[in-house]
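So you can see what is in the structure, the chains are spelled out below.
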Amino acid sequence: MTTKSTPKDPKNKSQACRVIVVTSGKGGVGKTTSTANIGAGLARMGYKVALVDTDIGLRNLDILMGLENRIVYNVIDVVEDRCKLNQALVKDKRLPNLSLLPAAQTRDKSALDPAQMKDVIEQLKKECDFVLVDSPAGIEQGFQIAVAAATEAIVVATPEMSSVRDADRIIGLLETKDHIEHYKLVLNRVRPDMMRTNDMMDVDDVIEILSIKLLGLIPEDKDIIVSTNRGEPVVLWEGQKVPKATQAYRNIAGRIAGEDIPFMDFDVPETWMDKVKNLLRINAGVA
Amino acid sequence: MTMKPDIKPPPFKPTTTGTAGKSAAAQEGHPLYHWWVDLWNKLWPPEHPASAASPFKPVNPAKVTAKDDAKHRLRLVLMHDRSQLSSGQIESMRDELVEVISKYVEIDRKSLDLYLEQEADTIALVANISVVRRKDARA
């Protein structure tokens, strides 16, 4: 595995900065993984990107980015005037145009209020093309802090009942926020094999139930775990044989930047055994 | 050759329950499937051990899938979530409705059916009430 990335020349910051919150309601569906990869994907395209971790007390974005050893100050230090914003920002070791504003690990969510978060993000907006805000799980204070400054939202869900239910709740809350102009769905941990055998809701089912626009599909991929372990977002992996998730996250970053990229087709070709099974509908091993 | 028991278990039959919303063709299953069921019953009569637990025993393709289960359950849950009505609240609404309607018409209290239904964009509150007779019909 090679992780050498080749960023294009950083574009001059021209248009207004976009603030996008990544949220889901349910925990463990891939909010932080998606924030890290979409952010790194946009930075890889040459945009100036800042990632903001709002999960005060349970920070993890630093781990996924492999930047946990570089943190000196955090967002609470900025708010409480112990440092300047630029001192708290951790520059990515791979991409010079990507930085992380870490959450505090030793405090809790009451240490910050939505207005303070908004002030910090307003400062960040002056220097960035994109600010991606990683929201904590839940619909309480942490969520309110995360969405405060955002004008767009990415709802992350998996094709499971509990995740879709919570996503529906989050969509309801986003609808009440006038400053959120639009929100789209990233469907994570897609299992084409289980969808083909009708053991799982498929992409169309989830989109129909939530009546939401789709931003992208991420296949279930064991390389995501490898990338977390190495602190190298999968979107930055380079080489001949990168995982499907790498391309999937690159596509999402491209779509956010305004490119028209068709959705990936994860369907693996049917083997002859699949064909026999489909003909006879034999439930091998279950019946 | 073993003696056949007097009481035979019924031959394997496809079950087609819970197929609401599926096309007739889907409910009947693939023609090959029926051929397979017939052949299976011929090859292994129901008392044959192979019939009990075999990976090749025909499984009806028209049976309700886990995906359908998930969609159905999720729709119901979301309907209640979105309406922000608990089943307890619906019950008390039901009781109060019975009170009000009973002032005007005689109704069968048990037959009052109150439920939520998902329409295109909105949630409908559906009440199905069978009227026994008008209160003043005899006056």
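Residues numbered from 1 in each chain as written. Chains lettered and ligands numbered in written order. Predicted model: local features only at pLDDT ≥ 70, side-chain atom pairs only at ≥ 80, totals over all residues. Heavy atoms only, no water.

Draft legend 1. Summary view of the overall build of chain B. Along its length, chain B carries five helices and four strands. The secondary structure elements of chain B, listed N-terminal to C-terminal, are α-α-α-α-α-β-β-β-β. Scored against the burial criterion, the 139 residues of chain B give a buried share of 22%. Sequence-distant contacts, at least 24 apart, represent 50% of the contacts inside chain B between residues at least 6 apart. Summed over its atoms, the accessible surface of chain B is roughly 9900 Å², and 57% of this surface lies on carbon and sulfur atoms. (Helix = DSSP H or I, 4+ residues; strand = E, 2+ residues; numbered from the N terminus. Buried < 20%, exposed > 50% of the residue type's maximum accessible area, 1.4 Å probe, protein only. Contact = heavy atoms within 4.5 Å. Areas by Shrake-Rupley, 256 points an atom, 1.4 Å probe, with all protein chains shown as cover.)

Draft legend 2. Inspection of the overall build of chain A at higher detail. Check the secondary structure of chain A and you find 12 helices and eight strands. For chain A, the proportion of its 287 residues judged to be buried stands at 56%. Of all intrachain contacts in chain A linking residues separated by at least 6 positions in sequence, the fraction that spans at least 24 positions is 77%. Roughly 13100 Å² of accessible area belongs to chain A as shown, and the carbon and sulfur atoms make up 48% of that amount.

Draft legend 3. The pattern of salt bridges, seen in detail. All names here are of chain A. Within this structure, the stated rule accounts for 20 salt bridges over all chains. We note a salt bridge from Glu238 to Arg44, for which the minimum N-O separation is 3.2 Å. On the criterion of sequence distance, the pair formed by Glu238 in the loop between α10 (223–230) and α11 (244–256) and Arg44 in helix α1 (residues 31–44) is long-range, its members being 194 residues apart. Accessibility classification places Glu238 together with Arg44 in one group, the buried group. Here Arg191 ties to Asp193 by a salt bridge, and the two come within 3.3 Å at their closest N and O atoms. Taking the relative accessible area as the measure of exposure, Arg191 reaches 28% and is therefore partly exposed. Residue Asp193 is classed as partly exposed on the basis of its relative accessible area of 37%. One network of salt bridges, in which partners are shared, links Asp77, Glu80, Arg82 and Arg107. (Salt bridge = Lys/Arg side-chain N within 4 Å of Asp/Glu carboxyl O.)

Draft legend 4. Local environment of the packing of α1(A) against α11(A). Residues and elements named next belong to chain A. One way to put it is that α1 packs onto α11 with a least axis distance of 8 Å and a crossing angle of 65 degrees. In terms of crossing hand, the pair formed by α1 and α11 is right-handed. The residues of α11 that touch α1, namely those facing Thr33, Ser34, Asn37, Ile38, Gly41, Leu42 and Arg44, are Tyr249, Arg250, Ile252, Ala253 and Ile256. Per-class residue counts for the contact of α1 with α11 are six nonpolar, four polar and two charged. (Axes fitted to C-alpha atoms, helices over the stretch in contact; angles between N-to-C directions. Left-handed = near helix turned anticlockwise from the far one by under 90°. Nonpolar A, V, L, I, M, F, W, Y, C, P; charged D, E, K, R; others polar.)

Draft legend 5. Highlighting the confidence of the model for chain B. Residue and element names in this part refer to chain B. On average, residues of chain B carry a pLDDT of 71, and 60% of them reach 70 or more. When mean pLDDT is compared element by element in chain B, helix α4 (residues 66–83) scores highest at 88, while helix α1 (residues 24–28) scores lowest at 47. Across residues 1–11, confidence stays below pLDDT 50; counting only partners more than four residues off in sequence or on other chains, it has seven contacts. Segment residues 13–27 is flagged for pLDDT under 50; beyond a separation of four residues in sequence, or across chains, it makes 18 contacts in the model. Interface predicted TM-score (ipTM) for the complex: 0.77; the corresponding pTM is 0.75. (pLDDT = per-residue confidence, 0-100.)

Draft legend 6. View of the packing of helix α7 (residues 161–176) of chain A against helix α9 (residues 203–210) of chain A. All names here are of chain A. Closest axis-to-axis distance for the α7/α9 pair is 10 Å, and the angle between their directions is 35 degrees. Our pair here, α7 against α9, has a crossing hand that is right-handed. Contacts between α7 and α9 pair Val164, Ala167, Asp168 and Ile171 from the former with Val206, Ile209 and Leu210 from the latter. Residue composition of the contact of α7 with α9, by class: six nonpolar, no polar and one charged.

Draft legend 7. Here's a closer look at the side chain of A:Asp221. All names here are of chain A. By the secondary structure assignment, Asp221 is in the loop between β8 (213–219) and α10. Although Asp221 is buried, it makes no salt bridge; Lys222 carries the closest opposite charge, 5.9 Å away. Within the structure, Asp221 has its side chain in polar contact with the backbone nitrogen of Ala245 (distance 3.5 Å). Other than its neighbours up to four places away in sequence, Asp221 contacts Pro243, Lys244 and Ala245. (Lys, Arg positive; Asp, Glu negative; His and termini not counted. Polar contact = N/O pair within 3.5 Å; in protein donor to acceptor, adjacent residues only side chain to side chain.)

Draft legend 8. Local environment of the sheet that holds strand β1 (residues 18–23) of chain A. All names here are of chain A. One open sheet holds the eight strands; their spatial order is β3-β4-β2-β5-β1-β6-β7-β8, and the pairing between them is mixed. Both outer strands of the open sheet, β3 (90–91) and β8, are each paired with one neighbouring strand and no more. Here four bridges tie strand β2 (residues 49–53) to strand β4 (residues 98–101), and the two strands are oriented parallel to one another. Among the inter-strand pairings, Leu51 is bridged to a residue of β4, identified as Leu100. Here α1 sits on the sheet and contacts β1, β2, β4, β5 (130–134), β6 (152–157) and β7 (182–190); the angle it forms with β5, its principal contact strand, is near 170 degrees. (Pairing = 2+ DSSP bridges.)

Draft legend 9. Region of interest: unusual backbone geometry. Its identity is not glycine, yet A:Arg189 carries a phi of approximately 55 degrees, on the positive side. Note on placement: A:Arg189 falls in strand β7.

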